[in-house]
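Coordinates in review
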Amino acid sequence: ILFFKRLWIVAERLRVSSQADIFRVYFQSPFLVVVSVAVAALFAIGFAGLQLRALSQTVEVLTEGAVSQLAASVVLGFILFAGSAIGGMRAIGYFGVIQTVLAFTAIVVLSGFAITMSGGFAALNEGLRSLAGSADAAALFVVDGVVHFTPGLGRGDDPAGANTAIANLSMAFAFMGFQASPLALKLILSTRSPNGIAAGQTWLTAGFFGGLIAFAIAIIGAAGLVNENLRLGALLDFLHAQSPWFAAWIFIGIAAGVQLLAGLALFVAGEGLIRHIYKPYFNSRLSKRGSVSLTRITIAVLAVVAMLMQNLSPVTLSALAALALPMAFQLWTPMLGITWLGWITRPAAVTGVGFGIAGVIL
């Protein structure tokens, strides 16, 4: 939210329309351009692919195996390609409004069911209190020190099980990467006027939807923590048994949110690979029409790769998804230099992003 309006003004001044374009013109740094495109590709294949995998598994559960995860992933992948490759940014924007409303209503209704089936706020709080008092689950409610040093993954202690202050802070930073990602900025830079950015992004995005995440989604998670029968999969199963049409509506709302993110990720990654990597370095004479055609082909390839990885190598998919958000957070350094801290030079921005990415990967 700190960057949006200023970046819109910068993009208008420089006559560009993407994060990679801003880095190219402002810093004149091919490295930052490549990093921006790489982050977009990670979102398209890893982060969005992981969401689609979960969605495909939900389809298999709701249809009691009548539609397999493979079949669901193929259909969802085709829908993604059709929306992002054929419709382009305009279709993503218009359908995004509908998808956002659907996702919002699904989350609110699900949280309502979760709190009702838990017996209300008092019963849910009492359940959490009892859980905190049990020996098995008490660790979930305690920050387990500042930092734990371990031999490493696969070498003994599991670092993922350490609920330390550093682990929580690191995860919070990673989530902050989404607003600095090329996906979020593509939406902002595609708006015609900045008049609605201040109020819309502050009160709607940060306030309303931030509150929705902190309140409604937290209720769903807390209910599932207290009662295994209220976890997301079991809750959808219960709703499916009671009212299949209502469960389908809830599912469509969840699917809309995933489709919005995945479609935007595919479009931004496809456009970035052609406009910012292929055309300037491999085919400078490529026409505008040729760029559009190649972008559509690239989006199709990315969609197929994501679909194959969902079904053939989900562990690799998870690893790529784990890199997307924290790598996007490294882009805070050049974005702060463009918007708020003008004394951040190109060497400083490149060095900060380079060391940050090395830290994330290591």
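First, a word on scope: everything that follows refers to the structure included in this document. All figures in this text were calculated on a predicted structure; none of them were measured in a lab.

Taken N-terminus to C-terminus, the directions of helix α12 (residues 288-312) and helix α13 (residues 314-329) make an angle of 120 degrees; their axes are 6 Å apart at the nearest point. It follows that α12 is oblique to α13 by the angle criterion. Only Pro314, Thr316, Leu317 and Leu320 of α13 make contact with α12, whose side of the interface consists of Met309, Gln310 and Leu312. For the contact of α12 with α13, a count of residues per class yields five nonpolar, two polar and no charged.

Time to look at the side chain of Gln99. Along the polypeptide, Gln99 turns up in helix α5 (residues 88-117). The buried category is assigned to Gln99, whose relative accessible area is 18%. Setting aside residues up to four positions removed in sequence, Gln99 forms contacts with Ala256, Gly257, Gln259 and Leu260.

Inspection of every chain in the model, using the stated rule, returns five salt bridges. Salt-bridge contacts for Asp21 lead to Arg24; the nearest nitrogen and oxygen are separated by 3.0 Å. Within this pair, Asp21 and its partner Arg24 are both found in helix α2 (residues 19-26), separated by three residues, close to a single helical turn. Of the residues examined, Arg24 reaches a relative accessible area of 42% and is grouped as partly exposed.

All right, on to the environment of Pro280 then. Mapped onto the secondary structure, Pro280 falls in helix α11 (residues 244-282). Sequence spacing of Pro280 and Ala248 is 32 residues, and the spatial spacing of their C-alpha atoms is 46 Å. Each residue touching Pro280, except ones within four places of it in the same chain, is listed here: Ile274 and Arg275.

Examined against the element boundaries, Ser73 turns out to sit in helix α4 (residues 69-86). Measuring from C-alpha to C-alpha, the distance between Ser73 and Phe178 comes to 24 Å, with 105 residues separating the pair along the chain. At 2.7 Å, the side chain of Ser73 forms a polar contact with the backbone oxygen of Leu70.

Taken as a whole and assessed by the stated rule, the structure comprises 12 aromatic pairs. Taking the centre distance of 6.1 Å and the plane angle of 65 degrees together, the rings of Phe43 and Phe178 count as edge-to-face. Placement of the pair is Phe43 in helix α3 (residues 30-62) and Phe178 in the loop between α7 (165-175) and α8 (182-189), with a sequence separation of 135 residues. Take Phe178: its relative accessible area is 31%, and that puts it in the partly exposed class. For the ring pair Phe329 and Trp332, a centre distance of 5.5 Å and an interplane angle of 50 degrees mean the geometry is tilted. In this structure an aromatic cluster arises from ring pairing among Phe3, Phe173, Phe329 and Trp332. The ring of Trp340 is capped by Arg6, whose NZ or CZ atom sits 3.6 Å from the centre of that ring.

Inside soluble globular proteins, nonpolar side chains tend to come together where they are buried. Core analysis: the biggest nonpolar cluster contains 86 residues, and Ile22, Phe23, Phe43 and Met335 have the highest contact counts within it. Examining the composition of this core, we find that 16 residues originate from one element, α3, more than from any other. In contact with Phe43, other than residues within four places in its own chain, are Ala48, Phe178, Ser181, Leu183, Ala265, Ala324, Leu325 and Ala328.

Cut-offs applied
- Residues numbered from 1 in each chain as written.
- Predicted model: local features only at pLDDT ≥ 70, side-chain atom pairs only at ≥ 80, totals over all residues.
- Heavy atoms only, no water.
- Axes fitted to C-alpha atoms, helices over the stretch in contact; angles between N-to-C directions.
- Helix = DSSP H or I, 4+ residues; strand = E, 2+ residues; numbered from the N terminus.
- Parallel < 35°, antiparallel > 145°, perpendicular 65-115°, else oblique.
- Contact = heavy atoms within 4.5 Å.
- Nonpolar A, V, L, I, M, F, W, Y, C, P; charged D, E, K, R; others polar.
- Buried < 20%, exposed > 50% of the residue type's maximum accessible area, 1.4 Å probe, protein only.
- Salt bridge = Lys/Arg side-chain N within 4 Å of Asp/Glu carboxyl O.
- Polar contact = N/O pair within 3.5 Å; in protein donor to acceptor, adjacent residues only side chain to side chain.
- Phe/Tyr/Trp six-rings, centres within 6.5 Å; stacked < 30°, edge-to-face > 60°.
- Lys NZ or Arg CZ within 6 Å of the ring centre and 35° of its normal.
- Core = buried A, V, L, I, M, F, W, Y, C linked by side-chain atoms within 4.5 Å.

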